[in-house]
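An overview of the molecular structure
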Amino acid sequence: MPLALFLLMLLGALCNLGQAMSREEKHKLRNQVVEMFDHAYQNYMDHAYPADELMPLTCRGRVRGREPSRGDVDDALGKFSLTLIDTLDTLVLLNKTTEFEAAVRRVLSDVRLDNDIVVSVFETNIRVLGGLLGGHSMAVMLKERGQSMQWYQDELLHMAKDIGLRLLPAFNTSSGLPYPRVNLKYGVRGPETRTGTETDTCTACAGTIILEFAALSRFTGDPVFEDHARRALDFLWEKRQRNSNLVGTTINIHSGEWVRRDSGVGAGIDSYYEYLLKAYILLGDDLFLQRFNIHYASIMKYISQPPLLLDVHIHKPLLPARTWMDSLLAFFPGLQVLKGDIRPAIETHEMLYQVTKKHNFLPEAFTTDFRVHWAQHPLRPEFAESTYFLYKATADPYYLEAGRTILDNLNRFARVPCGFAAMKDVRTGSHEDRMDSFFLAEMFKYLFLLFADSGDIPFDVEDYIFTTEAHLLPLSLSTAPRPSFIPSNRTFEEEMDDSNFDWTCPNTRLLFPDPGFPRNLREPIRSAIDKSCPRPAPYREPGMGRPPLRAQDFMANNPEHLELLRRMGVSLIHLKDGRVQLVQHATQAVSAVAAEDGVRFMQEMMELSSQQQKEQLPPRAIQIVSHPFFGRVVLTAGPAQFGTDLSKSSTGVRGFITVAEPYSGCSEITNAEYVQGHIALLQRGQCMFAEKARHIQKAGAIGGIVIDDNEGSSSDTAPLFQMAGDGRSTDDITLPLLFLFHKEGNILLEALKEYREVEVLLSDKARDRGVDMQEAEGDCQTEATTPTSFEPVSQSQSSTVKVDEMAPGEVPPEQEEVSPVDEDTSPAEDASPPQEEMSPTDPQGDVDPPQDENTKELTDDTDSSSQSVDELLADWQEDLEAFQQMEKDEL
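Residues numbered from 1 in each chain as written. Predicted model: local features only at pLDDT ≥ 70, side-chain atom pairs only at ≥ 80, totals over all residues. Heavy atoms only, no water.

This brings us to the overall build of the protein. Looking only at helices and strands, one finds 25 helices and 32 strands in the protein. Buried residues in the protein amount to 64% of all 891 residues. Contacts in the protein between residues at least 24 apart in sequence constitute 74% of all its contacts with a sequence separation of at least 6. When the accessible surface of the protein is totalled, it reaches about 32800 Å², and 50% of it is carbon and sulfur. (Helix = DSSP H or I, 4+ residues; strand = E, 2+ residues; numbered from the N terminus. Buried < 20%, exposed > 50% of the residue type's maximum accessible area, 1.4 Å probe, protein only. Contact = heavy atoms within 4.5 Å. Areas by Shrake-Rupley, 256 points an atom, 1.4 Å probe, with all protein chains shown as cover.)

Here it is in structure tokens:
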């Protein structure tokens, strides 16, 4: 065949595959990445530095101890200007050498590493030690080229060794696995450390040390760091399940027993696998590759169900451990590219891309039918990382378009005046006041490399390996003099066979004889996701008989109902957060028949609660659209069961806000001339929500926002709820009424104080600032729930039901928030008066038997604070632990 004809045929195939992006368009997107980085970085430097992170909604720095605790998430913060250190090598990659030099000088002059503060060993290693080593690598490279940094004398390396030495006490365990936390000043021993009592750590936390510690040993010539990292990896390898060759998620650092035996490639394990392969690439030690290949074969045998990656039990790997996936597994297609296994990488990436296009971002967790499971998105970079690696492997312009989607969504939905804000709920577009350091360390590196030409990059990235935090370590370290190491256990080498090493370093041309190959893999996955949107099963009438009081008719403040409960042996315990707990003791019923009625009532309440999880209204959005916000600040709001249904409005309700007088809204509005045509701000309490709505409606308001009067309350730490009516018809209320917690409400009040005229949009989800939003994706946008199962209750048993009164007149959220009786789960005790009623059609059945720990699902608004952890532990231990591991793993 003539060469010209062959080239024409190949060109035709490429054109059919998809139109290539023009060079000008790529440059435009590259420049957009740089502009977005400048927006984020400059706002951190202007409003947050020297704090660890930027709070982009309130335009200030997050300093640990000054802000309310977020639990384990805050362990990444050590008062060492985290974001600046994490961003050092990003500055060089983006050709900002002047800013890099200034940043290095700031780090050397301002940053202290001897603070009396307890930090995560894992986070400090990948962010601070990795950031200092990446910065050192860049400084040395620039100095050797004579371009800048001529004054540099390894100062960042000295700081890296300092922080490395401060992390070493954590490895003082019999197993060699590190404690999860360490005090930077005092280590882990003694009462002054306030740590060292932990027994468990995640597999990734112990197994994501080798790159940074080995690089530190190779740079400094001190073998102690690499020795400890290798010892930890050796121990994890020895503790793998020998039949499945999988590792669990959480391990006891002293005994080596697996605490959580579920295994996957997402939260809690992810970077352990990543570091085995990358340690081979960086250090050239076949031992790491051999271990990785054995693990990888098991992953593909048991966990990979293309395009899904589902957790399994390590002892019974054919049994799935859960029916949802977390967003951290989005790194795995990129790792598969490094491995050379391109086909499953394409398939999984396409699944993730389609989920992203449904929800604008990858939800923190999503189900196997691609519904939202946990709705947060803290601007994670893993999907962008895999997009970059797949483009490198395939040169398929499809992945450039995927990168464009990432850019557009960040600008449309996450960009705010002071940076980029994490998404609190991808369904509504509401924001969280956080911009994690990894956003600057990773996201902009991968996006810049995706769109940049080789001439745009100041060095050859092929000479470096990316750490899990995307810090750059030179591959020349593999030829550095090797310090003496603790011998590794190599007794397993006899298990090897040559097939484990196939396609370790692939030739992508051989993998793609047909240019349409990637497209052919993507099409069926796209179709499957588009068609997957099953509706909840219809509600079935519970119970066999008809007790004197039905669960759906129950009202917690009805004296007649309370007397009926008493006769059935059901008593009420009032909790501090405004809810009541229903407890049934069959022996306290007035008769055996009444006891049976009580059992049926409790079972009905349980069934009704489960059903309500599927019928709850989703949260609403309040979007500030006026100058200088322009729709970039979105607040999560609770809906009302009356008034305008915002989900049925294509435009929402838009108007300027004003404070009603009286602020409670419990009597006739005295400033009706200002309220008319506006959205009225009201304070919670003193009367029912429906009464407030009627008063502002009479004054001519077009909408209302009720702000919580419990100071310090926030949707970060408390679940949202629906506002119920007053027990009578609310058909006369035609305006929308939304609820904001105190913290979010204060954002509105402060904006009104500063700018006087503040316009907001009340809607079912955030609109795209002047651009028509796409049609809602129907039920696919709702959170998935699973039916809750309960054990049969006999007359001799006691059963417990928790019923949410909140403040009377408020209905619990779609989350299954159930708390032990003796714990205060609210920032402040509800002070609302007893005349506020719950909806008589909604019996408030948040139900959960104490014995059943595995049937609950962790909810979208779960916060990682220690208080929230205590509240939820008894109800869904497994899901909660998984979420905690996600927060520890690169939050």
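From this point on, the discussion continues.
Our focus in this paragraph is the sheet that holds strand β25 (residues 653-659). As summarised here, the arrangement of the seven strands in space is β24-β23-β30-β25-β26-β27-β29, forming an open sheet in which the pairing is mixed. Looking at the sheet topology across the chains shown, the edges are occupied by β24 (633-637) and β29 (737-740). Taken pair by pair, the neighbouring strands of this sheet meet at an average axis angle of 35 degrees, ignoring direction. Both strand β27 (residues 703-707) and β29 contribute to a ladder of four bridges, which runs parallel. From the neighbouring strand, Val 706 faces β29, where its bridge partner is Phe 739. (Pairing = 2+ DSSP bridges. Axes fitted to C-alpha atoms, helices over the stretch in contact; angles between N-to-C directions.)

As a further point, take empty space enclosed by the protein. One pass over the structure, following the stated rule, counts 12 cavities of 30 Å³ or more. By volume, the second largest cavity is sized at about 170 Å³. The wall of the second largest cavity is formed by 16 residues, among which Phe 361, Leu 362, His 377, Arg 380 and Phe 383 lie closest to the centre. For the lining of the second largest cavity, the secondary-structure elements that each account for two or more residues are α14 (382-394) and α15 (398-414). Tallied by class, the residues present in the lining of the second largest cavity amount to nine nonpolar, five polar and two charged. (1 Å grid on protein atoms, 1.4 Å probe; cavity = no way out; pocket = protein on both sides within 12 Å on 5 of 7 lines; lining within 4 Å. Points joined across faces, edges and corners; volume = space filled by probe spheres on them. Nonpolar A, V, L, I, M, F, W, Y, C, P; charged D, E, K, R; others polar.)

To continue, consider the packing of aromatic side chains. Enumeration according to the criterion identifies 26 aromatic pairs in this entry. Geometrically, the ring pair formed by Phe 331 and Phe 332 is edge-to-face, given 5.9 Å between the ring centres and 75 degrees between the ring planes. Given the relative accessible area of 4%, Phe 331 is considered buried. Relative to Phe 413, the ring of Phe 361 lies with its centre 6.3 Å away and its plane at 75 degrees, an arrangement referred to as edge-to-face. (Phe/Tyr/Trp six-rings, centres within 6.5 Å; stacked < 30°, edge-to-face > 60°.)

Moving on, we come to the state of the cysteines. As enumerated under the stated definition, the model contains three disulfides in all. Cys 59 shares a disulfide with Cys 418; S-S distance 1.9 Å. Here the disulfide of Cys 59 and Cys 418 is right-handed, its torsion about the S-S bond being about 95 degrees. With Cys 59 in the loop between β1 (53-55) and β2 (60-62) and Cys 418 in the loop between β15 (415-416) and β16 (419-420), this pair connects stretches of sequence that are 359 residues apart. Note on Cys 59: relative accessible area 29%, which makes it partly exposed. Cys 666 shares a disulfide with Cys 687; S-S distance 2.0 Å. Measuring the twist about the S-S bond at about -85 degrees, one finds the Cys 666-Cys 687 disulfide to be left-handed. Residue Cys 666 is located in the loop between β25 and α21 (672-675), and its partner Cys 687 is located in the loop between β26 (679-683) and α22 (689-698); the two are separated by 21 residues in the primary sequence. According to the relative accessible area criterion, Cys 666 is buried, its value standing at 17%. (Disulfide = S-S within 2.5 Å.)

This brings us to the nonpolar core. If you look at the biggest cluster of nonpolar residues, it comprises 171 residues, and the most contacted ones within it are Phe 100, Tyr 273, Met 351, Leu 410 and Phe 420. When residues in this core are grouped by element, the largest group, 11 residues, is from helix α5 (residues 121-145). When residues no more than four places from it in sequence are discounted, the contact partners of Met 351 are Pro 307, Leu 308, Met 325, Phe 366, Phe 370, Ile 525 and Ile 529. (Core = buried A, V, L, I, M, F, W, Y, C linked by side-chain atoms within 4.5 Å.)

Two faces make up the sheet, and in a regular strand the side chains alternate between them. For strand β23 (residues 620-624), the tally of buried residues reaches five of five residues, placing the bulk of the element in the interior. Burial of β23 is two-sided: the residues Arg 620, Ile 622 and Ile 624 facing one way and the residues Ala 621 and Gln 623 facing the other way are all buried. Here β23 runs beside β24; their pairing, made up of five bridges, is antiparallel. Paired with Ile 624 across the strands is Val 633, a residue of β24. Bridging between β23 and strand β30 (residues 759-763) involves four bridges; their strand directions are antiparallel. Within the sheet, the bridge partner assigned to Gln 623 lies in β30 and is Leu 761.

Moving on, we come to the confidence of the model for the protein. In the predicted model, the protein carries a mean pLDDT of 80, and the fraction of residues at 70 or more is 75%. With pLDDT under 50 throughout, residues 1-17 is counted as low confidence; its partners more than four residues away or in other chains account for 10 contacts. (pLDDT = per-residue confidence, 0-100.)

Here we take up the environment of Arg 260. Positionally, Arg 260 belongs in strand β7 (residues 258-260). The exposure class of Arg 260 is buried, given its relative accessible area of 5%.

Before going further, it helps to examine α15. With 17 residues, α15 should cover 24 Å at 1.5 Å per step; its first-to-last C-alpha distance of 24 Å lies within 8% of that length. The buried fraction of α15 amounts to 13 of the 17 residues, a majority that puts the element mostly inside the structure. (Expected span 1.5 Å × (residues − 1).)

What follows deals with the packing of helix α13 (residues 342-359) against α15. Where α13 contacts α15, the two axes come as close as 12 Å, and the packing angle between them is 30 degrees. On the basis of their axis angle, the class for α13 and α15 is roughly parallel. At the point where α13 passes α15, the crossing takes the left-handed sense. Between α13 and α15, the residues in contact are Ile 346, His 349, Glu 350, Tyr 353, Gln 354 and Thr 356 and Tyr 398, Tyr 399, Glu 401, Ala 402, Thr 405 and Asn 409, respectively. (Parallel < 35°, antiparallel > 145°, perpendicular 65-115°, else oblique. Left-handed = near helix turned anticlockwise from the far one by under 90°.)

So, on to the pattern of salt bridges. Counted according to the given criterion, the structure contains 45 salt bridges. Here Lys 96 and Asp 38 are joined by a salt bridge, their closest N and O atoms 2.9 Å apart. Residue Lys 96 is found in the loop between α3 (82-93) and α4 (97-110), and its partner Asp 38 is found in helix α2 (residues 23-47); the two are separated by 58 residues along the sequence. Taking the relative accessible area as the measure of exposure, Lys 96 reaches 11% and is therefore buried. (Salt bridge = Lys/Arg side-chain N within 4 Å of Asp/Glu carboxyl O.)

This paragraph deals with the side chain of Asp 74. Residue placement: Asp 74 occurs in the loop between β2 and α3. A distance of 2.8 Å separates polar atoms of two side chains, one belonging to Asp 74 and the other to Arg 70. Ignoring sequence-local partners within four residues, the contact set of Asp 74 consists of Arg 62, Arg 64, Pro 68 and Ser 69. (Polar contact = N/O pair within 3.5 Å; in protein donor to acceptor, adjacent residues only side chain to side chain.)

A few words on the sheet that holds strand β14 (residues 372-374). Across the sheet, which stays open at both edges, the three strands sit in the order β12-β13-β14 with antiparallel pairing between neighbours. Unpaired on one side and paired on the other, β12 (324-326) and β14 mark the two borders of the sheet. Put simply, the sheet's adjacent strands are angled 30 degrees from each other on average, direction ignored. Of the strand pairs in this sheet, β12 and strand β13 (residues 365-367) are connected by three bridges, and their pairing is antiparallel. Looking at the pairing, Trp 324 lines up with Thr 367 of β13.

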